[in-house]
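Structural features, examined
Listed below are the residues making up each chain.
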Amino acid sequence: MGSEFSCQYAVSACVLMLGQYAQYHILIIIADGQVTNQRATAAAIVEASKYPLSIIIVGVGDGPWDVMEKFDDELPERRFDNVQFVNYNEVIKRAENEEVSFATAALMEVPEQYNEIKRLGLLEPPVLPQNSFSGSTLYPAAPNSEASVHNRRHI
């Protein structure tokens, strides 16, 4: 029997990172056992569906994988189906070409997820508040931008 693990932390960390950027990302989680905190992991996956993020979970141990399959298929409160679960051992067992079969199984939902992310407007750049970091010493504005001109007038 595989060890227990929690992927909620990886998903939550990605969501924190993506909260500032409207760029598409794929999070790949390699799991060797059952999820320890199903409720928190499900909540993190639902929250992640508000961002341009696809999550691929690869099960490499002996499972059990029933909860992972539920995350893939049965979280109706998500904005879109953002999870693909792949049972590595099952894919490899049936494969003529292991690499091609695994890549196909892992990435097969990505095009549909990406199209859904675009349809939902999740790739639109975030609207930064007026008092944003743009133009600060940490994140200087472009040389001829409005923030840069404004900063030069007040020096």
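The coordinates are above.
For the structure given in this document, a descriptive report is provided here. Quick caveat: nothing in here was measured; it's all calculated off a predicted structure.

A separate point is the packing of helix H1 (residues 8-18) against helix H2 (residues 38-48). For the pair H1 and H2, the least separation of the axes is 9 Å and the interaxial angle reads 25 degrees. Considering the angle they form, H1 stands roughly parallel to H2. Here H1 and H2 pass one another in a crossing that is left-handed. Here H1 contributes Gln8, Val11, Ser12 and Val15 to the contact with H2, which in turn contributes Ala40, Thr41, Ala44, Ile45, Glu47 and Ala48. Across the contact of H1 with H2, the residue classes tally to 6 nonpolar, 3 polar and 1 charged.

It is worth spelling out H2 at this point. Buried within H2 we find Thr41, Ala42, Ala44, Ile45, Val46 and Ala48. Here the buried face of H2 lies against H1, strand S2 (53-59), helix H3 (66-73) and strand S3 (83-87).

Side-chain direction in a regular strand flips from residue to residue, so the side chains alternate between the two faces of the sheet. Bridge count between strand S1 (residues 25-31) and S2: 7 bridges; the pairing is parallel. Across the sheet, residue Ile29 finds its bridge partner in S2, namely Ile57. The handedness of the S1 to S2 crossover, carried by H2, is right-handed.

The subject of this paragraph is the side chain of Ser54. One can find Ser54 in strand S2. A distance of 2.7 Å separates the side chain of Ser54 from the side chain of Gln113, its partner in a polar contact. Filtering out sequence-adjacent residues up to four positions away, Ser54 remains in contact with Tyr24, His25, Ile26, Leu27, Asn82, Gln113 and Ile117.

To continue, consider the sheet that holds S1. Spatially, 3 strands are ordered S1-S2-S3 in an open sheet, and the strand pairing comes out parallel. A single partner strand is all that each edge strand has here, and the edge strands are S1 and S3. Sheet twist, expressed as the average angle between the axes of neighbouring strands with direction ignored, equals 15 degrees. Set on the sheet, helix H6 (residues 110-119) makes contact with S1, S2 and S3; between it and S2 the angle comes to about 155 degrees.

In this section: the packing of aromatic side chains. Per the counting criterion, the structure on display carries 3 aromatic pairs. Taken together, a centroid distance of 5.1 Å and an interplanar angle of 80 degrees make the contact between Tyr24 and Tyr114 edge-to-face. You can see Tyr24 sitting in the loop between H1 and S1 and its partner Tyr114 sitting in helix H6, a full 90 residues away along the chain. With a centroid separation of 5.3 Å and an interplanar angle of 70 degrees, the aromatic rings of Tyr88 and Phe102 are classed as edge-to-face. Of this pair, Tyr88 sits in helix H4 (residues 88-94) while Phe102 is found in helix H5 (residues 98-107), placing the two residues 14 residues apart along the sequence.

Inspection of the secondary structure assignment puts Met68 in helix H3. The exposure class assigned to Met68 is buried, which follows from its relative accessible area of 0%.

Rules and cut-offs
- Residues numbered from 1 in each chain as written.
- Predicted model: local features only at pLDDT ≥ 70, side-chain atom pairs only at ≥ 80, totals over all residues.
- Heavy atoms only, no water.
- Axes fitted to C-alpha atoms, helices over the stretch in contact; angles between N-to-C directions.
- Helix = DSSP H or I, 4+ residues; strand = E, 2+ residues; numbered from the N terminus.
- Parallel < 35°, antiparallel > 145°, perpendicular 65-115°, else oblique.
- Left-handed = near helix turned anticlockwise from the far one by under 90°.
- Contact = heavy atoms within 4.5 Å.
- Nonpolar A, V, L, I, M, F, W, Y, C, P; charged D, E, K, R; others polar.
- Buried < 20%, exposed > 50% of the residue type's maximum accessible area, 1.4 Å probe, protein only.
- Pairing = 2+ DSSP bridges.
- Right-handed = clockwise from strand over helix to strand, strands pointing away.
- Polar contact = N/O pair within 3.5 Å; in protein donor to acceptor, adjacent residues only side chain to side chain.
- Phe/Tyr/Trp six-rings, centres within 6.5 Å; stacked < 30°, edge-to-face > 60°.

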